[in-house]
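Read off the chains here:
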Amino acid sequence: MEKQTLAFQAEVQQILHLVTHSLYSNKEIFLRELVSNASDACDKLRFEALDNNALYEDAPNLEVRVWFDAEAKTLTIRDNGIGMSADEAVAHLGTIAKSGTREFMSKLQGDQKKDANLIGQFGVGFYSGFIVADRITVESRRAGLPADQGVRWSSDGSGQFEVETINRPERGTDVILHLRDEESEFLSTWRLKSIIGKYSDHISLPILMKKEEWDAEEKKQVVKDEWETVNKAAALWARSKSDVTDAEYQEFYKQISYDTEAPLAYTHNRVEGRSEYTQLLYVPAKAPFDLWNRDKRGGVKLYVKRVFIMDDAEALMPVYLRFVKGVIDSADLPLNVSRELLQESRDVKAIREGSTKRVLSMLEDVAENQKDKYASFWNEFGAVLKEGVGEDHANQERLVKLLRFASTQADEGVSFADYIGRMKEGQESIYYITADSLAGAKSSPQLEIFRKKGIEVLLLTDRVDEWMLSHLYEVEGKPLQSVAKGAVDLGKLQDDEEKKQAEEAAEAFKPVLEKLKTALKDRAKDVRSTSRLVDSPACIVVEEGDMSAHLARMLKQAGQQAPKTQPILEVNPSHALVKRLEADESHFDDLANLLFDQAWLAEGGQLESPADHVQRVTRLLTA
Ligand code: ADP
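All of these numbers come straight from a predicted model, not from anything done at the bench. (Residues numbered from 1 in each chain as written. Predicted model: local features only at pLDDT ≥ 70, side-chain atom pairs only at ≥ 80, totals over all residues. Heavy atoms only, no water.)

A.B. asks: Pulling in residues and values, what's your account of the pattern of salt bridges?
C.D. replies: Scanning the entire structure with this criterion turns up 41 salt bridges. The partner of R32 in a salt bridge is E33, with the nearest N and O atoms 3.1 Å apart. R32 gets classed as buried once you look at its relative accessible area, which sits at 5%. Residue D465 is joined to K386 by a salt bridge in which the shortest nitrogen-to-oxygen separation is 2.8 Å. Pair noted here: D465 is in helix α16 (residues 465-469) and K386 is in helix α11 (residues 371-391), with a separation of 79 residues, a long-range link. Side by side, D465 and K386 carry an identical accessibility label, which is buried. (Salt bridge = Lys/Arg side-chain N within 4 Å of Asp/Glu carboxyl O. Buried < 20%, exposed > 50% of the residue type's maximum accessible area, 1.4 Å probe, protein only. Helix = DSSP H or I, 4+ residues; strand = E, 2+ residues; numbered from the N terminus.)

And the structure:
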């Protein structure tokens, strides 16, 4: 072919303009794009050679080389992949063959930010070279064609390009960027290496650069005529499971997580179907120091065809799984996908859903088969997982099964299934109590009747518990019932005789109750007699819809406003202290307030006026 000058398709010119203007703020991505093209070209050769081994010619080792000429101000990216014929160069580098381009063009609005996002969807690829170059020359020969059928393609990106046939013994493609004067930062081994390390470490073929060494005589770094591989050249996740050893999985985890400890568990899968991707996900053994920072990102990295795109964990993992580390490598997302797009993309949503399910399966497996390990996981991350109960309705049922609690029967590890399995005949609800600490929960007077009847109560002491329970009303048809809220209704758990006794006691106690209400009218919303207490004289409860005292305290600690609700005081008519109320008219007021103080303290609360309390006790003791 004689040298010809051809015009770019109109759309190419538009795209060129947009690419160079919109993507300039992140110009280093041109190298990622060109290395990715080089890697694709090698993949294509590998594929075609499956049927025709001769295509490898005498160069069976596929590789990418990157070098620069500081004087000529050129940067070259060479691959020995499939290459292009002259026709292919014209077609692939002069037109945009992809379907949907016209539609794409019609969406452009001349708003650079939005347009840059749109461009991302289409993958700008080759044209991104023009961000830093004022001329690009491509020299190529397609695998299988003779040396005299090489092609040179060249353009300054302004509307036209030239093509001609050349003699080219090497198979594959050189992309030669003539860098603009102001882009000489890319004429640096160090700079190029760091870009390759950032984006292309996991390209599975070697990327070679010339070695640079300190020259003592010349007193400067000099580029040697010796090549070295500058990327890791091993996408571990792209290998098949059976080829990767446990030690390799662990080593890779340490590389990506900077964690010195081995992971607790991992899962590696290739997902096929509507969207195609590979996932390699790890659960660490220990919680990081910043586990509670919900804005943190960086746990899961997104790759597209082994090219690093970003580590925007939130698009890939729900917040409550922020401790998960790993890699997701999509086969069908565009390379230039932006963060905004990531959040909207249906493909990404599908990946996120699939990956969430994977992590849950992995945890279910550990919970089922390695109980000790799961207990240790639960200690580290349980409280974070609880956030999911409120946030991820689609997976709520599975998450609920993964929850573990302390209870009046065991200090840890109680699942809802365990609890339900131990429910008493006639027990309809799952009972729980929330408190600041396990010791506090255990000593709650509200538990007394449950202890006496041998009914298990879950003891919830995590900060998120109250919040979680506001999203969870029942488990397997059994309502969750706080033992510190509302009137206690043991339903069928109380026999008729007990009910009758309780009613009689309450009836006889009525006159005292009325006096108590008057004495405590500024402190308690109501005073009532109860059969939930055995050893304690009184306890504090809140009304069904009201905020628990525990949660109100937590909010206060966090500097937030908690609604001021008065509690209800429940008293045990058969307790000796309560009986004294009836007998000792002269100290009724002091006794009534003392009863309230005690119940309040037992609940974990602080007295508004400790001085009043001390005086009260002194008066009673000296009476
Ligand atoms: P994309 O890679 O998304 O298809 P590009 O604009 O980067 O878009 O490239 C357009 C086409 O040019 C590619 O599809 C490919 O056919 C061809 N091409 C680009 N770089 C190379 C290369 N290094 N070797 C062979 N073909 C290439």
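Resuming the write-up.
A.B. asks: I'd like a rundown of the pairing of strand β5 (residues 150-155), residues and numbers included.
C.D. replies: In terms of burial, β5 is a largely internal element, five of the six residues being buried. Sheet topology note: the strand β4 (residues 133-141)/β5 ladder contains five bridges and is antiparallel. Counted as the bridge partner of T137 is S154 from β5. Here β5 runs beside strand β6 (residues 160-166); their pairing, made up of six bridges, is antiparallel. By the bridge assignment for β6, V151 is matched with T165. (Pairing = 2+ DSSP bridges.)

A.B. asks: Residue-level account of a negative patch on the surface, with values.
C.D. replies: Judged by side-chain charge, D495, D496, E497, E503 and E504 come together as a negatively charged surface patch. Within the secondary structure layout, D495 lies in the loop between β19 (478-482) and α17 (496-519). Judged by relative accessible area, D495 falls into the partly exposed class, the value being 42%. (Patch = residues over 30% accessible without salt bridge, like charges linked within 9 Å, V, L, I, M, F, W, Y side chains within 5 Å. Areas by Shrake-Rupley, 256 points an atom, 1.4 Å probe, with all protein chains shown as cover. Lys, Arg positive; Asp, Glu negative; His and termini not counted. Charge placed at Lys NZ, Arg CZ, Asp CG, Glu CD.)

A.B. asks: Which residues make up the site of the ligand, and what are the values?
C.D. replies: The local shell around the ligand holds twelve residues, among which N37, D79, H92, G125 and F126 are the closest. In the model, an oxygen atom of the ligand is placed 2.8 Å from a nitrogen or oxygen of the F126 main chain. Measuring from a nitrogen atom of the ligand, one finds a side-chain N or O atom of T173 at 3.3 Å. Contact with the protein chains removes 80% of the 530 Å² of surface that the ligand exposes when unbound. Elements that contribute at least two residues to the shell around the ligand include exactly α2 (29-49) and α3 (86-94). Tallying contributions element by element places α2 first for the shell around the ligand, with three residues. Considering only residue class, the shell around the ligand consists of five nonpolar, four polar and three charged. (Near = heavy atom within 4 Å. Polar contact = N/O pair within 3.5 Å; in protein donor to acceptor, adjacent residues only side chain to side chain. Nonpolar A, V, L, I, M, F, W, Y, C, P; charged D, E, K, R; others polar.)

A.B. asks: Could you give me a rundown of helix α18 (residues 549-557), with the residues and numbers involved?
C.D. replies: Listing the buried residues of α18 in full gives A549, H550, A552, R553, M554 and L555. On its buried side, α18 packs onto β16 (430-434) and α16. G559 sits one or two positions beyond α18 and adopts a positive phi of about 80°. (Contact = heavy atoms within 4.5 Å.)

A.B. asks: Explain the sheet that holds strand β8 (residues 207-215) to me, and be specific about the residues and the numbers.
C.D. replies: Read from one edge to the other, the open sheet built from nine strands follows the order β1-β6-β5-β4-β7-β3-β2-β8-β9, with strand pairing classed as mixed. Here the strands that pair on one side only, and so sit at the sheet edges, are β1 (4-7) and β9 (220-229). Strand-to-strand, the axes of this sheet are offset by a mean angle of 25°, without reference to chain direction. Docked against the sheet, α3 engages β1, β4, β5 and β6, running at close to 25° with respect to β5. The strands touched by helix α6 (residues 189-200) are β2 (64-69), β3 (74-79), β8 and β9; relative to β8, the strand with the most contacts, the crossing angle is about 145°. (Axes fitted to C-alpha atoms, helices over the stretch in contact; angles between N-to-C directions.)

A.B. asks: Which residues make up the sheet that holds strand β22 (residues 568-571), and what are the values?
C.D. replies: With mixed pairing, the three strands of this open sheet are ordered in space as β20-β22-β21. Either end of the sheet is taken by a strand with one partner, and the two such strands are β20 (526-529) and β21 (538-541). The mean inter-strand angle of the sheet, taken between neighbouring strand axes irrespective of direction, is 25°. Two elements, β21 and β22, share four bridges in a ladder whose sense is antiparallel. Among the inter-strand pairings, I540 is bridged to a residue of β22, identified as L569. Packing of helix α20 (residues 588-602) onto the sheet brings it into contact with β21 and β22, and relative to β21 it is tilted by some 60°.

A.B. asks: Go over the layout of surface pockets with me, naming the residues and quoting the values.
C.D. replies: Counted as a void, the second largest pocket has a volume near 850 Å³. Around the second largest pocket sit 28 residues that line it, and K556, K564, W600, Q606 and E608 are the ones nearest its centre. Looking at the lining of the second largest pocket, the elements that each hand over two or more residues are α18, α20 and α21 (610-622). Here the element with the most residues in the lining of the second largest pocket is α18; it accounts for five residues. Its residues assigned to classes, the lining of the second largest pocket shows ten nonpolar, nine polar and nine charged. (1 Å grid on protein atoms, 1.4 Å probe; cavity = no way out; pocket = protein on both sides within 12 Å on 5 of 7 lines; lining within 4 Å. Points joined across faces, edges and corners; volume = space filled by probe spheres on them.)

A.B. asks: Now, about the packing of α17 against α20: what can you tell me, with residues and values included?
C.D. replies: In contact at an axis separation of 10 Å, α17 and α20 are set at 80° when each is read in the N-to-C sense. In terms of their interaxial angle, α17 and α20 are classed as roughly perpendicular. Judged by residue contacts, V512, K515, L516 and A519 of α17 engage F588, D589, A592 and N593 from α20. Residue composition of the contact of α17 with α20, by class: five nonpolar, one polar and two charged. (Parallel < 35°, antiparallel > 145°, perpendicular 65-115°, else oblique.)

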